[in-house]
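Residue strings, one per chain:
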Amino acid sequence: MKFMLAVLVLMLASCTVSYKFNGASIDYSKTKTIEIADFPIRSSYVWAPMGSIFNNELKDIFANHTRLIQVRRNGDMKIEGEITQYSQRNKAVTSEGTSAQAELSMTVNVRFTNNANHNEDFERQFTATASFETSQSFTSVQEDLVNQMVEDLVDQIFNATVANW
C-alpha cells in the first residue's frame, strides 16, 4: 500500500496540467489594465434600464474572470462602442393570423483595441435575441429578456476580446 501511495505521489509531482476555467487567455506580463467605456444607446427604440444593465455586466465579466485592472483611460486594452439596435418582431403566427411568439433583439457595435498587440484590434457588431409568447405581457417579460440578451452579448464580447478560442 505504501508503495502504491509513493508511486501515486511521484506521478502527481512529475505531471503538471494547467487549465483556465474562465476562458481568458491573457499574457498578464504584457497586459495589466483594461479601459471599458460606457456604451451609449443609439437605437431608435429604447428601454432606459438596458444601458446600465449592459454596461455593468460588461465591466463585471472582466472584473470577475480576469486579473485586469479597470482604468478610466490609457488601458492596455480598450473596449468601447454603442448599443445600436433594440427591436421587437413577430416570430410565429397562429392559424387565425395573430402573433403567437415575438422576438426581441439587441445589437451592440464594439471597438476593441489591444495596445500590446494591434493585430487583435477590431470593430464588430454583436447581436443577441430572446423570444417570448405573446400571451405574456411584454412589460412583464422585458427585463428578463434584456438580462438574457445582455448575458449573451457580454459573453460574446468577452470571448472575442480575451478568449482566443
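Residues numbered from 1 in each chain as written. Predicted model: local features only at pLDDT ≥ 70, side-chain atom pairs only at ≥ 80, totals over all residues. Heavy atoms only, no water.

### Remarks on the overall build of the protein chain
1) Next: Per the secondary structure count, the protein chain includes three helices and five strands.
2) Next: Mapped in sequence order, the helices and strands of the protein chain form the string α-β-α-β-β-β-β-α.
3) Next: In the protein chain, which comprises 165 residues, the share counted as buried stands at 35%.
4) Next: When the accessible surface of the protein chain is summed, it comes to about 10300 Å², and 51% of that surface belongs to carbon and sulfur atoms. (Helix = DSSP H or I, 4+ residues; strand = E, 2+ residues; numbered from the N terminus. Buried < 20%, exposed > 50% of the residue type's maximum accessible area, 1.4 Å probe, protein only. Areas by Shrake-Rupley, 256 points an atom, 1.4 Å probe, with all protein chains shown as cover.)

### With respect to the layout of surface pockets
1) Next: Taken as a whole, the largest pocket holds about 170 Å³ of empty space.
2) Next: As for the largest pocket, its lining consists of twelve residues, of which Asp27, Thr31, Asn114, Asn117 and Glu120 are closest to the centre. (1 Å grid on protein atoms, 1.4 Å probe; cavity = no way out; pocket = protein on both sides within 12 Å on 5 of 7 lines; lining within 4 Å. Points joined across faces, edges and corners; volume = space filled by probe spheres on them.)

### Some thoughts on the pattern of salt bridges
Where charged atoms from two side chains of opposite charge approach closely, those side chains can pair.
1) Next: Applying the stated criterion to the full structure yields seven salt bridges.
2) Next: With a shortest N-O distance of 3.9 Å, glutamate 35 and lysine 78 are connected by a salt bridge. With glutamate 35 in strand S1 (residues 33-36) and lysine 78 in strand S3 (residues 77-93), this residue pair connects regions lying 43 residues apart in the sequence.
3) Next: Taking the relative accessible area as the measure of exposure, glutamate 35 reaches 11% and is therefore buried.
4) Next: Between arginine 89 and glutamate 103 there is a salt bridge, with its nearest N and O atoms 2.9 Å apart. In this pair, arginine 89 sits in strand S3 while glutamate 103 sits in strand S4 (residues 99-114), placing the two residues 14 residues apart along the sequence.
5) Next: Connected through shared salt-bridge partners, Glu35, Lys78, Glu80, Glu82, Arg111 and Glu123 make up one network. (Salt bridge = Lys/Arg side-chain N within 4 Å of Asp/Glu carboxyl O.)

### A short note on the side chain of threonine 31
1) Next: Within the fold, threonine 31 resides in the loop between helix H1 (2-14) and S1.
2) Next: You can call threonine 31 buried: its relative accessible area is 4%.
3) Next: Excluding residues that lie within four positions of it along the chain, threonine 31 makes contacts with Ile26, Leu68, Asp76, Met77 and Ala116. (Contact = heavy atoms within 4.5 Å.)

### Focus: the pairing of S1
1) Next: The alternating pattern of S1 places Thr33 and Glu35 on one face and Ile34 and Ile36 on the opposite face, and all of these are buried.
2) Next: Here S1 runs beside strand S2 (residues 69-71); their pairing, made up of three bridges, is parallel. In the strand pairing of S2, glutamate 35 is matched with valine 71.
3) Next: Crossover connection from S1 via helix H2 (residues 49-65) to parallel S2: handedness right-handed. (Pairing = 2+ DSSP bridges. Right-handed = clockwise from strand over helix to strand, strands pointing away.)

### Topic: a negative patch on the surface
1) Next: On the surface, Glu57, Asp60, Glu151, Asp152 and Asp155 cluster together into a patch of negative charge.
2) Next: The set of elements that each furnish at least two residues to the negative patch consists of H2 and helix H3 (138-162).
3) Next: In this structure, aspartate 60 sits in helix H2.
4) Next: Overall, aspartate 60 belongs to the partly exposed group, its relative accessible area being 38%. (Patch = residues over 30% accessible without salt bridge, like charges linked within 9 Å, V, L, I, M, F, W, Y side chains within 5 Å. Lys, Arg positive; Asp, Glu negative; His and termini not counted. Charge placed at Lys NZ, Arg CZ, Asp CG, Glu CD.)

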